[in-house]
Amino acid sequence: MRVVAIDGPAASGKSSTARAVARAIGFHHLDSGALYRALTRVALDAGLDPVNLDVPALLEQAERRGLGLRPEGEDFVPLLDGAPAEQLIRTPEVTAAVSAVSAVPAVRDWANARMRALAEAGVPVVVDGRDIGSVVFPEAGLKVFLYADSVVRALRRLVQQGGREPSNEEVFAEAERLKARDKADASRAVAPLVSPPDALELDTSRLTFEEQVDGIARLARTVYRLPAP
Ligand code: C5P
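Throughout, a residue's number is its position along its own chain's written sequence, starting from 1. Residues qualify for local features only when their pLDDT is at least 70, as the model is predicted, and side-chain atom pairs are given and counted only at 80 or more; totals for whole chains, interfaces and linings, by contrast, use all residues. Side-chain measures were taken over the full set of non-hydrogen atoms in the model, leaving aside hydrogen atoms and water.

**Let's talk about helix α1 (residues 14-25)**
Secondary structure counts use DSSP, requiring at least four H or I residues in a row for a helix and at least two E residues in a row for a strand, with both numbered from the N terminus. Multiplying one less than the number of residues by 1.5 Å gives the expected span of a helix. The end-to-end C-alpha distance of α1 is 16 Å, a good match for the 16 Å that twelve residues give at a rise of 1.5 Å each. With a 1.4 Å probe rolled over the protein chains alone, any residue whose accessible area is under 20% of its type maximum counts as buried; one over 50% counts as exposed, and the rest are partly exposed. Every buried residue of α1 is listed here: K14, T17, A18, V21, A22 and I25. Considered in projection along α1, the buried side chains sweep an arc of 135 degrees and stay on one side of the axis. Residue contacts are counted whenever heavy atoms from the two residues lie within 4.5 Å of one another. Close packing links the buried residues of α1 with β1 (3-7), β2 (28-31), β6 (125-129), β7 (142-147) and α10 (209-223). This arc is built from the directions going out from the helix axis to the C-beta atoms.

Okay, structure coming up:
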């Protein structure tokens, strides 16, 4: 199994970093958060309460709607009802409910089984999430934990989403939302957000995107004896 695990708090740049590292080393990118978001979309669409979740009903709906991951280029895109679900899973409604849904052990088992099946089938993957190095792929050859100050993360996310310079009030409000989600993710009983002891910790507030991608890609090439670019 060839796995690079990239964990970190909300808006730490995990997904974009994981995608760029995957491209640099010829692996596929797997965004585990997208699976939890898609499950949350299904729960909301079915009128299920995310806090008192009816798990059998959710998983039955997820199977019925064909929730899965389809390879598209170097990425795996979440599918619902046979179509890419990217837009449906990035709404504020889903973001607000996803921590509650992802805190349920049976939901995590379902998502983890799907991710492991891909890697066990021999697909080399860069996977990003909260518990990838600690729970899903503890045997990953390279584990990275990305972090950055919440205000830095908020500013990056708002610029990315809005394409304009946000006001200070907007940045602080977003930083508070990120901290609340990190708190929920880090304090849950099952698979909390944690930096595994054998992970390389990278403070991304001090690195350019290119530097962080390049550093991780170099390490991955060494670990998995990949050819130089
Ligand atoms: O990475 P993203 O912000 O899209 O993840 C959405 C949510 O999915 C997180 O806030 C967290 O609750 C959950 N998640 C998780 N474990 C992962 C990845 C995401 O619990 N490995």
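**A short note on the site of the ligand**
For this purpose, a residue is taken to be near a molecule or strand whenever a single non-hydrogen atom of the residue falls within 4 Å of it. The full set close to the ligand counts 17 residues, and R37, R108, D131, R181 and D185 are the nearest of them. In the environment of the ligand, an oxygen atom lies 2.8 Å from a nitrogen or oxygen atom belonging to the side chain of R181. Counted as a polar contact is a pair of N or O atoms within 3.5 Å, where, for protein atoms, one must be capable of donating a hydrogen and the other of accepting one, and residues adjacent in sequence contribute only when both atoms are in side chains. The separation between an oxygen atom of the ligand and a polar side-chain atom of R188 is 2.9 Å. Among the elements that line the shell around the ligand, the one with the most residues is helix α2 (residues 32-45), at four residues. Polarity classes work like this: nonpolar for Ala, Val, Leu, Ile, Met, Phe, Trp, Tyr, Cys and Pro, charged for Asp, Glu, Lys and Arg, and polar for all others, with Gly in that last group. When the residues that make up the shell around the ligand are grouped by side-chain class, the tally is three nonpolar, five polar and nine charged.

**A short note on the environment of R19**
Positionally, R19 belongs in helix α1. The spacing of R19 and P124 is 105 residues in sequence and 13 Å in space, taken between C-alpha atoms. The residues touching R19, leaving out its near neighbours within four places in the chain, are H29 and D75.

**Quick notes on the pattern of salt bridges**
What makes a salt bridge here is a side-chain nitrogen of Lys or Arg within 4 Å of a carboxyl oxygen of Asp or Glu, nothing more. Applying the stated criterion across every chain yields a total of 23 salt bridges. Taking the shortest distance from any N to any O, the salt bridge between R19 and D75 comes out at 3.6 Å. Residue R19 is found in helix α1, and its partner D75 is found in strand β4 (residues 75-80); the two are separated by 56 residues along the sequence. What makes D75 buried here is its relative accessible area of 14%. D75 is the partner of R23 in a salt bridge, and the nearest nitrogen-oxygen pair spans 3.4 Å. Taken as a pair, R23 in helix α1 and D75 in strand β4 lie far apart in primary sequence, 52 residues in all.

**Considering the pairing of strand β3 (residues 68-72)**
Summarising the sheet, β3 and β4 pair through five bridges and their orientation is antiparallel. If you follow R70 over to β4, its bridge partner there is V77. DSSP bridges decide pairing: two strands pair if at least two such bridges lie between them.

**What to know about the layout of surface pockets**
With a 1 Å grid laid over protein atoms only, a set of points is called a cavity when a 1.4 Å probe fits there but cannot get out and a pocket when it is open yet has protein on both sides within 12 Å along at least five of seven lines; lining residues have an atom within 4 Å of a point. Grid points are joined across faces, edges and corners, and a volume is the space filled by probe spheres set on the points. Taken as a whole, the largest pocket encloses approximately 1300 Å³ of empty space. If you trace the largest pocket, you find 45 residues lining it, with A11, R37, R90, R157 and R181 closest to the centre. Those elements that provide at least two residues to the lining of the largest pocket are α1, α2, α4 (86-89), α5 (92-102), β6, α8 (150-162), α9 (168-187) and α10. Here the lining of the largest pocket is built from residues that sort into eleven nonpolar, 17 polar and 17 charged.

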